[in-house]
Amino acid sequence: MNTKVRLQTQEQLDDLELSGTALNSTLSSLKLINTLLGNHRQLYKAIITYFNANSFKKEFHIVDLGCGGGDSINYISKKLNKHKIKVHFTGIDGNPGSISYARKNNINPKHTNFIVADILDKSFTVPDCDLLISSHFIYHFKNKDLTLFLKKMKKTRSEMLTHIIFSELYRTRVAYYLFKLMSFMLPISDIAKKDGLIAIQRAFSIDELQKIIKNSGVKEFKIIKKPFFRMITKIDI
């Protein structure tokens, strides 16, 4: 397995027409993986740090790019509710089936909205929000397209949006083989097993992501390594 160059192969989950049992079982599998490997927890920690630094605000609007089945939103919503922080969520995904699944399993429908939209389309515009988050999605961008996306965010941002948090894997050979071994022991779908290996090969390295962010003109950002080959990227725009 070559980790020097990002793989460009599409995943089965990239098929925006994927639906039914195949999609639902995969979304359920991703929820399990994200919970076991700490993705939800690390993303929440980054968000609560942002909230603590902006405690003067009464309410917040969070947009989740590539929300999938909405498991990140459910986890974060449940945690923030314990802190009595008022938050409205908007989850965006390109697959109508994923949005339908997210709506069905949403634990906080009164304060959560889900939208079907192709985030990779160059005409896509992020709704006004205080905080933009994404979990295991930005690796779907090609390097140049992510640079253009961040440039667009910087140019068109509203007065509300000042911060972005990306939670992603970084590409390593060790992560690939550990997931390959672990996936045999987990009750996850075949699509999740196959797509997981492709996703690791498509992931950015830390150096690649740093270069992309700098090329976009962003001055203030941090990339923090986390357990299980994960990185939290915090961007001030």
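Treat the numbers as computed from the prediction; the structure is a model and nothing was measured.

About the criteria used
- Residues numbered from 1 in each chain as written.
- Predicted model: local features only at pLDDT ≥ 70, side-chain atom pairs only at ≥ 80, totals over all residues.
- Heavy atoms only, no water.
- Helix = DSSP H or I, 4+ residues; strand = E, 2+ residues; numbered from the N terminus.
- Buried < 20%, exposed > 50% of the residue type's maximum accessible area, 1.4 Å probe, protein only.
- Contact = heavy atoms within 4.5 Å.
- Axes fitted to C-alpha atoms, helices over the stretch in contact; angles between N-to-C directions.
- Parallel < 35°, antiparallel > 145°, perpendicular 65-115°, else oblique.
- Left-handed = near helix turned anticlockwise from the far one by under 90°.
- Nonpolar A, V, L, I, M, F, W, Y, C, P; charged D, E, K, R; others polar.
- Pairing = 2+ DSSP bridges.
- Expected span 1.5 Å × (residues − 1).
- Arc of directions from axis to C-beta.

Asks: How do you make sense of the overall build of the chain when you look at a structure like this?
Replies: A count of helical and extended segments in the chain gives eight helices and seven strands. The principal-axis extent of the C-alpha atoms belonging to the chain is close to 45 × 40 × 35 Å. Out of the 237 residues in the chain, the part that is buried amounts to 53%. Long-range pairs, those at least 24 residues apart, make up 76% of the contacts in the chain with a sequence separation of at least 6.

Asks: What am I meant to see in the packing of helix α1 (residues 20-36) against helix α4 (residues 96-104) here?
Replies: Helix-helix packing: each pair is described by the crossing angle between the helix axes and the interaxial distance. α4 packs onto α1 with a crossing angle of 60° between their chain directions and a minimal axis gap of 10 Å. When the axis of α1 is compared with that of α4, the two are oblique. In the packing of α1 onto α4, the handedness of the crossing is right-handed. Together, L23, N24, L27 and S28 of α1 and G97, S98 and Y101 of α4 make up the contact between the two elements. In terms of residue class, the contact of α1 with α4 is made up of three nonpolar, four polar and no charged.

Asks: Can you walk me through the pairing of strand β7 (residues 230-236) in this structure?
Replies: Looking along a regular strand, one sees the side chains alternate between the two faces of the sheet. Across the seven residues of β7, six count as buried, placing the element largely inside the fold. The sheet contact formed by strand β5 (residues 163-169) and β7 spans seven bridges and is antiparallel. Paired with F166 across the strands is T233, a residue of β7. Where strand β6 (residues 220-226) meets β7, seven bridges bridge the pair, whose relative direction is antiparallel. Bridging across to β7, F221 finds its partner in I235. Linking β6 to β7, which pair antiparallel, is a turn of three residues; within it F228 sits at a positive phi near 65°.

Asks: Looking at this structure, how should I read unusual backbone geometry?
Replies: What is expected of a backbone is that most residues other than glycine have negative phi and most peptide bonds are trans. Phi at K84 is positive, roughly 60°, even though this residue is not glycine. Turning to its location among the elements, K84 is positioned in the loop between α3 (71-82) and β2 (86-93). Unlike most non-glycine residues, F229 shows phi in positive territory, near 60°. Considering the arrangement of structural elements, one finds F229 in the loop between β6 and β7.

Asks: Even after reading the chapter, I still don't get helix α5 (residues 143-156), so can you show me in this structure?
Replies: Side chains three or four residues apart in an α-helix point the same way, a direct result of the helix having 3.6 residues per turn. Its 14 residues place the ends of α5 20 Å apart at the C-alpha level, agreeing with the 20 Å of an ideal helix rising 1.5 Å per residue. Within α5, burial applies to L146, T147, F149, L150 and M153. Down the axis, α5 shows its buried residues gathered within 160° of arc, on one side only. In α5, the exposed residues that point more than 90 degrees away from the buried face are K144, K155 and T156. Summarising the contacts, the buried residues of α5 are in contact with β1 (59-65), β4 (131-135), β5, α8 (206-215) and β7.

Asks: Looking at this structure, I do not really get the sheet that holds β5. What am I missing?
Replies: On the basis of which strands lie adjacent, the open sheet formed by seven strands has the order β3-β2-β1-β4-β5-β7-β6 and mixed pairing. Unpaired on one side and paired on the other, β3 (112-116) and β6 mark the two borders of the sheet. For this sheet the average axis-to-axis angle between neighbouring strands, irrespective of direction, equals 15°. Where β1 and β2 come together, seven bridges link them in parallel fashion. Counted as the bridge partner of L65 is I92 from β2. Set on the sheet, α3 makes contact with β1, β2, β3 and β4; between it and β2 the angle comes to about 175°. Set on the sheet, α8 makes contact with β6 and β7; between it and β6 the angle comes to about 170°.

Shape descriptors only; they carry no functional weight alone.
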